[in-house]
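# A structural walkthrough
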Amino acid sequence: MPAHLVEDDDQFEPVADCNWDSLMAWLACDTQWRVSVGFGGVLWIGHDATACDVIFRRRGFADHLWEDLRVMEEAALPVLNSGDD
């Protein structure tokens, strides 16, 4: 079994090999979120694209993974902004 597949944790599905690089790019950019904080709480705006571009270039991520990052960001924003903990 590939090292990145979690064998005994029922909370997460295994990551398919074809998605591994996309996940690694996503996790590499995890500190690059833009947020707005006010009296209403936190509003997640999206990734800082310039900072993520630097991460992509420095870490040697393939250009095609950029679109994967954007798709995951689009899916994450409604969840992050839902107000659910």
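Figured I'd write up the structure that's included with this text.

Rules and cut-offs
Residues numbered from 1 in each chain as written. Predicted model: local features only at pLDDT ≥ 70, side-chain atom pairs only at ≥ 80, totals over all residues. Heavy atoms only, no water. Helix = DSSP H or I, 4+ residues; strand = E, 2+ residues; numbered from the N terminus. Buried < 20%, exposed > 50% of the residue type's maximum accessible area, 1.4 Å probe, protein only. Contact = heavy atoms within 4.5 Å. Areas by Shrake-Rupley, 256 points an atom, 1.4 Å probe, with all protein chains shown as cover. Disulfide = S-S within 2.5 Å. Arc of directions from axis to C-beta. Salt bridge = Lys/Arg side-chain N within 4 Å of Asp/Glu carboxyl O. Polar contact = N/O pair within 3.5 Å; in protein donor to acceptor, adjacent residues only side chain to side chain.

## A few points about the overall build of the protein
Broken down by element type, the protein carries three helices and two strands. Going from N to C terminus, the protein has its helices and strands arranged as α-β-β-α-α. Burial status across the protein gives 24% buried among its 85 residues. Of the contacts made within the protein by residues no fewer than 6 positions apart, 43% connect residues no fewer than 24 positions apart. Total accessible area on the protein stands at roughly 6500 Å², and carbon and sulfur atoms take up 52% of it.

## Some remarks on the side chain of His-47
Position of His-47 among the secondary structure elements: in strand E2 (residues 41-47). Not counting residues within four places of it along the chain, the set of residues in contact with His-47 comprises Trp-26, Cys-29, Gln-32, Trp-33, Cys-52, Leu-69 and Glu-73.

## Remarks on the state of the cysteines
Each disulfide is one covalent bond, formed between the sulfur atoms of two cysteines. Counted under the stated rule, the structure contains zero disulfides. No disulfide involves Cys-29; its sulfur sits 3.4 Å from that of Cys-52, the nearest cysteine. The buried category is assigned to Cys-52, whose relative accessible area is 0%.

## Some details on helix H1 (residues 20-28)
Of all the residues in H1, the buried ones are Ser-22, Ala-25, Trp-26 and Ala-28. Across the axial projection of H1, the buried residues extend over an arc of 165 degrees, all falling on one side. Each element contacted by the buried residues of H1 is listed here: strand E1 (33-38), E2, helix H2 (49-59) and helix H3 (65-80).

## Quick notes on the pattern of salt bridges
Applying the stated criterion across every chain yields a total of three salt bridges. Here Arg-34 makes a salt bridge to Asp-48, at a shortest N to O gap of 3.4 Å. Taken together, the residues span a long stretch of sequence, with Arg-34 in strand E1 and Asp-48 in the loop between E2 and H2 at a distance of 14 residues. By relative accessible area, Arg-34 is classed as partly exposed at 46%. Here Asp-53 and Arg-57 are joined by a salt bridge, their closest N and O atoms 3.1 Å apart. With a gap of four residues between them, Asp-53 and Arg-57 both fall in helix H2, about one helical turn apart.

## Examining H2
Every buried residue of H2 is accounted for by Ala-51, Cys-52, Ile-55 and Phe-56. The arc enclosing the buried residues of H2, seen along the axis, measures out at 140 degrees, which places them on a common side. Exposed and oriented more than 90 degrees from the buried face of H2 are Thr-50, Arg-57 and Arg-58. For H2, the secondary structure elements touched by its buried residues are H1, E2 and H3. The N-terminus of H2 is capped by Asp-48, whose side-chain oxygen sits 3.1 Å from the backbone nitrogen of Thr-50. Gly-60, located one to two residues past H2, shows a positive phi value of around 75 degrees.

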